[in-house]
Every structure is written in structure tokens, then in C-alpha cells.
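Descriptive structure summary
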Amino acid sequence: ETGVTQSPTHLIKTRGQQVTLRCSSQSGHNTVSWYQQALGQGPQFIFQYYREEENGRGNFPPRFSGLQFPNYSSELNVNALELDDSALYLCASSLTSTGKWYFGPGTRLLVL
Amino acid sequence: AQSVTQLDSQVPVFEEAPVELRCNYSSSVSVYLFWYVQYPNQGLQLLLKYLSGSTLVKGINGFEAEFNKSQTSFHLRKPSVHISDTAEYFCAVSAGETSGSRLTFGEGTQLTVNP
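Read on for a plain summary of the structure.

Conventions and cut-offs
- Residues numbered from 1 in each chain as written.
- Chains lettered and ligands numbered in written order.
- Predicted model: local features only at pLDDT ≥ 70, side-chain atom pairs only at ≥ 80, totals over all residues.
- Heavy atoms only, no water.
- Helix = DSSP H or I, 4+ residues; strand = E, 2+ residues; numbered from the N terminus.
- Rg over C-alpha atoms; globule rule 2.2 N^0.38 Å.
- Buried < 20%, exposed > 50% of the residue type's maximum accessible area, 1.4 Å probe, protein only.
- 1 Å grid on protein atoms, 1.4 Å probe; cavity = no way out; pocket = protein on both sides within 12 Å on 5 of 7 lines; lining within 4 Å.
- Points joined across faces, edges and corners; volume = space filled by probe spheres on them.
- Nonpolar A, V, L, I, M, F, W, Y, C, P; charged D, E, K, R; others polar.
- Pairing = 2+ DSSP bridges.
- Axes fitted to C-alpha atoms, helices over the stretch in contact; angles between N-to-C directions.
- Contact = heavy atoms within 4.5 Å.
- Buried area = accessible area lost by both parts, 1.4 Å probe.
- Salt bridge = Lys/Arg side-chain N within 4 Å of Asp/Glu carboxyl O.
- Polar contact = N/O pair within 3.5 Å; in protein donor to acceptor, adjacent residues only side chain to side chain.
- Phe/Tyr/Trp six-rings, centres within 6.5 Å; stacked < 30°, edge-to-face > 60°.

This part is about the overall build of chain B. A count of helical and extended segments in chain B gives 0 helices and 12 strands. The N-to-C order of helical and strand elements in chain B reads β-β-β-β-β-β-β-β-β-β-β-β. Relative to the compact-globule value of 13 Å for 115 residues, chain B shows a C-alpha radius of gyration of 14 Å, a close match. In terms of principal-axis extent, the alpha carbons of chain B reach across some 40 × 30 × 20 Å. A buried classification covers 48% of the 115 residues belonging to chain B.

Structure below.
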């Protein structure tokens, strides 16, 4: 039990739609990262937020965006969904300086 | 930039046998190293991490890993595996002085423990 929760657990969307995935971090964790894990692959870094500001981004287009809120929750938004966006989306939170990330169980997104 | 190579995509072993999952990394700066385990339909669980100090790191569930800077490796080992160790294992690196740095993962190694 990591204390990081994600919702929903599963989601089915059609191409072109928009989706919002949610993450609730451990209390006090000021950093949250989002990862995309395609089937059979390792997680790929999407972006990271520190104290509600984006402070790092991976090789993902602008239609992937996020928010971090003061209550340690965060969102990942994806616009104009494509078939290749089908994946497990993982949220991870950390308290800076501990060197330890806590991962949520993920949201599995299927784009048809 | 960092990169991680997990040398084996699949490792089948028999129960109670020893196992080694291999991980090599590439980085132009000092890195922190991690091993995560992912059970089916679940998120990632940290097995162990190397930040500094002793190069032999002990983790949960009887796993250990050794950091070898000259060979840029961080192989994961367990002297005797159980059926319940069947899972996907990911090696990861991050750079920087804090956990604020992104994790770069390898492609994963599927460990299958057979009776």
C-alpha cells in the first residue's frame, strides 16, 4: 500500500475524445510525476510537477497536459486521443530529498 | 540524458533456484539506481534503491543488487526464488541530487518461476 490512489481504474474512449485521469498523492508529497506504460514496455516519463508548477517534461506532445493542486491531488489531461494513447498511466509522488517514489496502481486507458 | 538496458526480456527459472536479472545503464552524470517490481494488473513497487554508500544494496523480499560503477551495471539477484516472485521487473535510473529527477526505465524483464 503506497498511499497513492488513481481513478478511474479502467477507461474506454474513442479516437478524438478528451480524457482526464486523476491521482491522489500521499499527504506532504510535493512532487508528482506521470508515466505512460504501453503494453510490454517500460514506463515512459510524461511530465512532473513540483509545488503546482511543471518542472520537467518528456517527449510527449502538448495535447498531454497536467495540473497539481494544493491538496496533493493531480490530473493528467489528454486531448484529441489517438489509438497509440492506449496504455497504463501511472502516477508517482515523492517528497523531494527522500529519493523514493511511490507509485499508484495506474489507470488503464483503451482508445478505440 | 540517461538510458537503461535490461539484457534479458524473459527469465524462466525453477522454484528455489538462484536468479540474476541484468541491468546496464548509461549516463553522463552520477545517477541513482532503482529496481521496481510490477505484478499483473498492478502499479510499480520499489524493491530497492542505490543512492550512495555501500555498493551492495538489500531490498524487500530477499532481493539484493550490486552497483558496479566501472561496468555501469546494477544487477538484481535473489539466492532462492519462490513462485510468488513471478512478475515483471524494471530497472530505473534518475539523475540529480533529489528525487525530483525523472525516472528512466528499462524495457523490463519478465521473471517466471516454475514449480
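Turning our attention to the layout of surface pockets. Taken as a whole, the second largest pocket spans an internal volume of roughly 330 Å³. Around the second largest pocket, the lining is made up of 19 residues, and of these A:Gln37, A:Gly40, B:Gln38, B:Glu88 and B:Phe90 lie nearest the centre. Considering each element in turn, the lining of the second largest pocket owes the most residues, 3 residues, to strand E10 (residues 87-95) of chain B. Here the lining of the second largest pocket is composed, by residue class, of 7 nonpolar, 9 polar and 3 charged.

Next up on the list: the sheet that holds strand E8 (residues 73-78) of chain A. Residue and element names in this part refer to chain A. Pairing within the open sheet is antiparallel, and its 4 strands lie in the order E1-E3-E8-E7. Each edge of the open sheet is held by one strand with a lone partner, namely strand E1 (5-7) and strand E7 (64-68). Taken pair by pair, the neighbouring strands of this sheet meet at an average axis angle of 20°, ignoring direction. Where strand E3 (residues 19-24) meets E8, 6 bridges bridge the pair, whose relative direction is antiparallel. Directly across from cysteine 23, in E8, lies its bridge partner serine 74.

The interface is formed by 20 residues belonging to chain B together with 26 residues belonging to chain A. Carbon and sulfur atoms supply 54% of the area buried between chain B and chain A, which totals about 1,700 Å² over both sides. Across the chain B-chain A interface, the total number found is 0 salt bridges. The tally of links between chain B and chain A comes to 3 residue pairs in polar contact (both at pLDDT 80 or more). Those elements that provide at least two residues to the side of chain B that touches chain A are strand E5 (31-38) and strand E6 (44-50) of chain B. For the side of chain B that touches chain A, the residue count by class is 8 nonpolar, 9 polar and 3 charged.

For the rest of this paragraph, the subject is the packing of aromatic side chains. Counted according to the given criterion, the structure contains 13 aromatic pairs over all chains. Between A:Phe60 and A:Phe64 the ring centres are 5.1 Å apart and the planes differ by 65°, which places this aromatic pair in the edge-to-face class. Looking at A:Phe60, the relative accessible area reads 15%, which means it is buried. Judged by relative accessible area, A:Phe64 falls into the buried class, the value being 1%. Judged by centre distance (5.2 Å) and plane angle (80°), the rings of A:Phe103 and B:Tyr36 are edge-to-face. With one member in each of two chains, A:Phe103 in strand E10 (residues 102-103) and B:Tyr36 in strand E5 form a pair that bridges those chains.

Here we come to the environment of B:Phe105. The residue B:Phe105 is located in strand E11 (residues 104-105) in this model. In sequence terms B:Phe105 and B:Val93 are 12 residues apart; their C-alpha atoms lie 6.7 Å from each other.

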